[in-house]
Amino acid sequence: MSEAKFEKALIEKLTSTKGWVYREDLSNRTVDVLEENWRNILNENNWTKLAGVPLTDNEFEHLKLELNHNKTPYDAQLLLAGAGGVGTLPLVRDDGTQLEIEIFYEDEIAGGRSRYEVVNQITFPNLTNSLAKNRRTDIVLLINGLPVAQAELKDESRDNAFAAFEQFRKYDMDGMYTGLFSFVQVMFILSQHSAHYFARPKNTDEYNKSFVFGWRDEQGQDVTDAMVFAHEVMGIPALHRLVTTNMIPDADNDNLMVMRSYQIQATRAIMDRMRVMENNGVVEKEGGYVWHTTGSGKTVTSFKVAQLLASMPRVRNVLFIVDRVDLVNQTADNFKSFAYKTFEKRIQVVRGHELKSALKKKNKSSNIYLITVQGLDKAIKAGLQSDERMVILMDEAHRSASGDAVDRIKKAMPKTTWFGFTGTPNFYSDVENGVKTSHNKTTADVFGERLHQYTIKDAIGDQNVLGFDVSYYTSNFEKNAEAKHLTDKEFEKEVYNSRPYMELVVKDIRDNWRKNHSGPVAMGIRKPNQFHGIFAVSGKKAVVAYYKLFKELAPELRVAITYSRDETNEEGSSGLQEELKQAMREYSTFYDTRNFLNDKDSERFYLNDLTKRIAHKKPYNQKLSPEQEEKTPQRLDLIIVSDQLLTGFDSKYVNTIYMDKVLKEGLLIQAMSRTNRTIDQNAKPYGKVRFYRNGTLMKKLVEEALVIYTQGGKEKGRVVPGPFAPDIAEEIKKLIPKIEILKALAGDDFSQIPDLMKEKIEFVHIAEKVNRKVQRLVQQGYEIGDTVPVLDDNQDPTGEEIAINLTGTDHFSSLQARLYDTIKLIPQKERPDLTDLDIAMGLYKHVIIDYDRLVELLNEYMATHKQETRQEIEKHINALDGDNKAELEEIINGIEQGKYTEPFDTESLEMVRQNIRSLNQELAIRRWGDGWGIPGNTLLACYEDYLPGVGLNDNPKLKQRMNEIETAQQMSFFKISDFEESLLAFFKTLQ
């Protein structure tokens, strides 16, 4: 189906049901027609406020100027939400009257004053940053004249659907999302059998395919048919809710998030459950629970549910309950970040006695109170009772709802309905299907039926979380004469608490730090310290002991510690608190922070600073140079914990958890999942888990836990879990024949670019996949060129070994360089996304080459003219991209011809290269000018004024020179457009 036919069919689908109206009169027109349509709608919806006098041209221009405040989609979302669900713009009329002009009605869904219009093929003739004069969109969805959603369509027989993703990024670079189009909240990527959506990013650097989502239906099945997707997601009321209720403003990052399908469905399930109770006039204490795997965004879902429940007329208040003080504050910070300003004050952290007085107040609106289960239980024991209609939302429901506290709270609050959120619910054992648990009370016993589920298997399949790369270590030890009296269990405990064992663990973490925490291979180099680690140990004493060992044995690593306050007066507790205070002082001194010990809640502020640092949240989200990092340290490498941060903490920059403690079932999965948040998949394809203590036991416990949390007790048939990184040897077996094909196309050393276009395209597509796979192997710890053991089905060594058919990182870098060179020579539509490689090549040109060694080799060749020296030089420069390699080859030939006879140093070599580069650039510019019939000197003057990355409108000198050329050449309107676009594109290739 052609794009035009597909577009027509999609519009017919949208308008076939109640809601959307196709505006043919507004389609195939320029964007100013949409502005005039918006003006008419404003006049109609504000007729009374305007006293029957339509907006004048001057007044409408003032309203358009107000849209300049929409710098990001986050700003636009706040404007749409307005106060009380009505978005407004301020206006001073020509007669001095001050008004708030209503532009959007969040709650008037599929009725009231909301109007839904579909337009297509809208042209943008004057985009500020675009050389193209007529950018044209596919489908735009308007609510009250505002373009809140945009769809790009691709004919899947010709294009990869994700070419539309790059199209959106290009629109953004061109400056499309200003003025009226600053309201675009959601972007759709559609082909006949593929459908995805994402929230519009705040700038072009934030476009990330990891945040492009598919859709699952209520049964958990993927929806890939575009027409079914359009019905479920783009119809009315779904689309209106998607751009309002289902959007989450993220104040911490000044960004916008859109909820995934399973989050939307879980929210709807809870709200439907409440409405059934409301309609029937009954209160059920057990509302139900949501099982969404760790890392799938439960905080966002629970916030949205809390917000909607607090807006229900009969619900007096919402109590959000967690089981740790640090999680209360962390959740409150997240909730306030997600809330509109008008709602933020209704989110309050309270203690038991504060809640008692808060519930007595008769507030006009419902509040969300965050409290620990221990604090609420303490208040109940002190006499707190309430028969008001409330809702309790319990986070980490598998853990928080234990003991007798729940029974006491339910009895004291009889008109309160409970809903639970958990990534690891408690189940009974199911011997028949091989599921063993240690629980005699399930999550369903406390909360009622499961309302929605999204398991770890679902999340990995959707690439919403990562799988795991797991290593198990075993320790071999024998009793000596002094330990003969100890039982095996006692002896094992002594060993694991001994300094020799702990030293081995610290040295292993230290020696493999670079391998585990560096970024992807970028032209032979892996940038160090791109990710952080968490080290979970078996108690607070162990935290302190390991901290001291790291300072002694690995001072180059930046290590901090945290553990919860010890409220007991047991022996040693005061000493542990003093150790924590000393660690806090050392942290404050090193990072030059305030002294947290002066704060009333010192541990909370210290922990908050730690977590912000490894989550790269403000103010620790700056990209510092090595010099800046040395002067004002920002990076923290490793946090050692006992009980904290193993649940409820998320950072996509944590890629490894080291474990020197035994965990099982839900807590084990929770701890492992600290590593599985998604980011660039070449840099972080899996979450790494390293078990040092009792590896054999931990392997068994991990397998059991994964069976539980992919199967879920007795409610499903057996499901075989598959969340692990693939076996390295098996991946190498698959890569070897692909690499052989690449060698046949580009030479064994990848020094050649394939000749035929068909071969170039084949090379690029295979090399892109090989690059991605090798990057993942490197992140799993594989050293390129090393042999690894081949394993059998039981993961035992067979005695065979295998190695990838690349000699090392230099050989791999040569492959990357040829991939970079070749991709520029094939048609645009055939090019895969190589943004990361492109960036890596740019860096490589400046910092990777070993100039000292290169100068040494060139001078040696100058003195001896030995062929083996020339071969070593060629090998040294082979990983460079084509232009840099060509410069150095010209110097080598010049040496051979006697052109260069004086030995080089690094400065003179760079000067010679600059001269060659300038001559080559001048020659290329003159040749380009010959093709257009333009004098070379005129174009050389243009190049002098060219500024990379700066648009023509922001470079008046260059624009003036080009206007003079256009006049002298008597270019037509269309030729001017072609000339400007072609010349700037050509100049970009010379950089």
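Because the structure is predicted, anything quoted here is derived from the model rather than measured. (Residues numbered from 1 in each chain as written. Predicted model: local features only at pLDDT ≥ 70, side-chain atom pairs only at ≥ 80, totals over all residues. Heavy atoms only, no water.)

## As for the pairing of strand 13 (residues 247–250)
Argument step 1. Here strand 13 shows no split at all, with Met-247 and Pro-249 on one side and Ile-248 and Asp-250 on the other all buried.
Argument step 2. Direction of pairing for strand 13 relative to strand 14 (residues 255–258): antiparallel, over a ladder of four bridges. Within strand 14, the position partnered with Pro-249 by the bridge is Leu-256. (Buried < 20%, exposed > 50% of the residue type's maximum accessible area, 1.4 Å probe, protein only. Helix = DSSP H or I, 4+ residues; strand = E, 2+ residues; numbered from the N terminus. Pairing = 2+ DSSP bridges.)

## Quick word on the sheet that holds strand 19 (residues 390–394)
Argument step 1. What the seven strands build is an open sheet, ordered 17-18-16-19-20-15-21; its pairing is parallel. Where the open sheet ends on each side, the last strands, each with one partner, are strand 17 (347–349) and strand 21 (450–454). Neighbour-to-neighbour, the strand axes of the sheet open up by a mean angle of 15 degrees, direction not taken into account.
Argument step 2. The sheet contact formed by strand 15 (residues 286–292) and strand 21 spans four bridges and is parallel. The partner of Tyr-289 across the bridge, within strand 21, is Arg-450.
Argument step 3. Where helix 10 (residues 325–338) meets the sheet, it contacts strand 16 (317–322), strand 17 and strand 18 (367–372), and its direction lies at approximately 155 degrees from that of strand 18. (Axes fitted to C-alpha atoms, helices over the stretch in contact; angles between N-to-C directions. Contact = heavy atoms within 4.5 Å.)

## Focus on the sheet that holds strand 7 (residues 139–143)
Argument step 1. Pairing within the open sheet is mixed, and its six strands lie in the order 1-4-7-8-9-10. Of all the strands in the sheet, just strand 1 (21–22) and strand 10 (194–199) have a single pairing partner and so form its edges.
Argument step 2. The pairing of strand 8 (residues 146–153) with strand 9 (residues 186–191) spans five bridges and is parallel. Bridge pairing links Gln-150 to Met-187 in strand 9.
Argument step 3. Running over the sheet, helix 5 (residues 163–174) touches strand 8, strand 9 and strand 10 and is turned about 135 degrees from strand 8.

## Some points on the pairing of strand 27 (residues 638–641)
Argument step 1. With burial as the criterion, each face of strand 27 is covered, one bearing Leu-638 and Ile-640 and the other bearing Ile-639 and Val-641.
Argument step 2. Strand direction decides the pairing type here: strand 26 (residues 559–562) and strand 27, joined by four bridges, are parallel. Note on strand 27: the bridge partner recorded for Ile-561 is Ile-640.

## Some details on the nonpolar core
The nonpolar side chains of soluble globular proteins are, as a tendency, buried together.
Argument step 1. In terms of nonpolar packing, the biggest core is built from 112 residues, with Leu-141, Phe-188, Leu-190, Phe-229, Met-234, Leu-239 and Leu-393 touching the most fellow members.
Argument step 2. Excluding anything up to four places from it in sequence, Leu-190 contacts Phe-6, Leu-10, Ala-151, Glu-152, Leu-153, Lys-154, Ala-195, Phe-229 and Met-234.
Argument step 3. Membership of the second largest hydrophobic core comes to 98 residues, among which are Leu-319, Ile-321, Met-502 and Leu-646. (Core = buried A, V, L, I, M, F, W, Y, C linked by side-chain atoms within 4.5 Å.)

## Topic: unusual backbone geometry
Argument step 1. Omega for the bond connecting Ile-236 with Pro-237 falls within 30 degrees of zero, at 20 degrees, which places this linkage in the cis form.
Argument step 2. Look at the link from Lys-618 to Pro-619: it is a cis peptide, with omega at 5 degrees.
Argument step 3. Inspection of the secondary structure assignment puts Pro-619 in the loop between helix 23 (602–615) and helix 24 (626–631).
Argument step 4. With a phi close to 55 degrees, Asn-28 is a non-glycine residue in the positive phi region.
Argument step 5. Along the polypeptide, Asn-28 turns up in the loop between strand 1 and helix 2 (31–45).
Argument step 6. A positive phi angle, near 55 degrees, is found at His-616, a position not held by glycine.
Argument step 7. Mapped onto the fold, His-616 is located in the loop between helix 23 and helix 24.

## Observations regarding the side chain of Lys-688
Argument step 1. By the element assignment, Lys-688 lies in strand 29 (residues 686–691).
Argument step 2. Asp-469 provides the closest opposite charge to the buried, salt-bridge-free Lys-688, at an N-O distance of 5.7 Å.
Argument step 3. Polar side-chain contacts of Lys-688 include one of 2.6 Å to the backbone oxygen of Gln-779.
Argument step 4. Residues within four places of Lys-688 in sequence aside, it is in contact with Asp-469, Lys-515, Asn-516, Asn-655, Thr-656, Ile-657, Thr-675 and Gln-779. (Lys, Arg positive; Asp, Glu negative; His and termini not counted. Salt bridge = Lys/Arg side-chain N within 4 Å of Asp/Glu carboxyl O. Polar contact = N/O pair within 3.5 Å; in protein donor to acceptor, adjacent residues only side chain to side chain.)

## As for the confidence of the model for the chain
Argument step 1. Here the chain averages 86 in pLDDT, and 90% of its residues register 70 or above.
Argument step 2. Confidence, read as mean pLDDT per element, is least for helix 30 (residues 835–847) in the chain (41) and greatest for strand 7 (98).
Argument step 3. Overall, residues 713–721 carries pLDDT values under 50, and its contacts beyond four positions in sequence, including any with other chains, amount to 25 contacts.
Argument step 4. Here residues 835–849 is modelled with pLDDT under 50, and outside its nearest four sequence neighbours on either side it reaches 29 contacts, counting other chains as well. (pLDDT = per-residue confidence, 0-100.)

## Concerning the packing of aromatic side chains
Argument step 1. Across all of its chains, the model carries 39 aromatic pairs by this definition.
Argument step 2. Relative to Phe-229, the ring of Phe-188 lies with its centre 5.9 Å away and its plane at 80 degrees, an arrangement referred to as edge-to-face. Here Phe-188 is found in strand 9, whereas its partner Phe-229 is found in helix 6 (residues 226–234), with 41 residues between them in sequence. The exposure classification of Phe-188 matches that of Phe-229, with both residues buried.
Argument step 3. Through successive ring pairs, a cluster of aromatic residues spans Trp-928, Trp-932, Tyr-943, Tyr-946, Phe-979, Phe-986 and Phe-987.
Argument step 4. The side chain of Arg-604 reaches across the aromatic face of Phe-605, ending 5.3 Å from its centre.
Argument step 5. Sitting over the face of the ring of Tyr-620, Arg-613 holds its NZ or CZ atom 3.9 Å from the ring centroid. (Phe/Tyr/Trp six-rings, centres within 6.5 Å; stacked < 30°, edge-to-face > 60°. Lys NZ or Arg CZ within 6 Å of the ring centre and 35° of its normal.)

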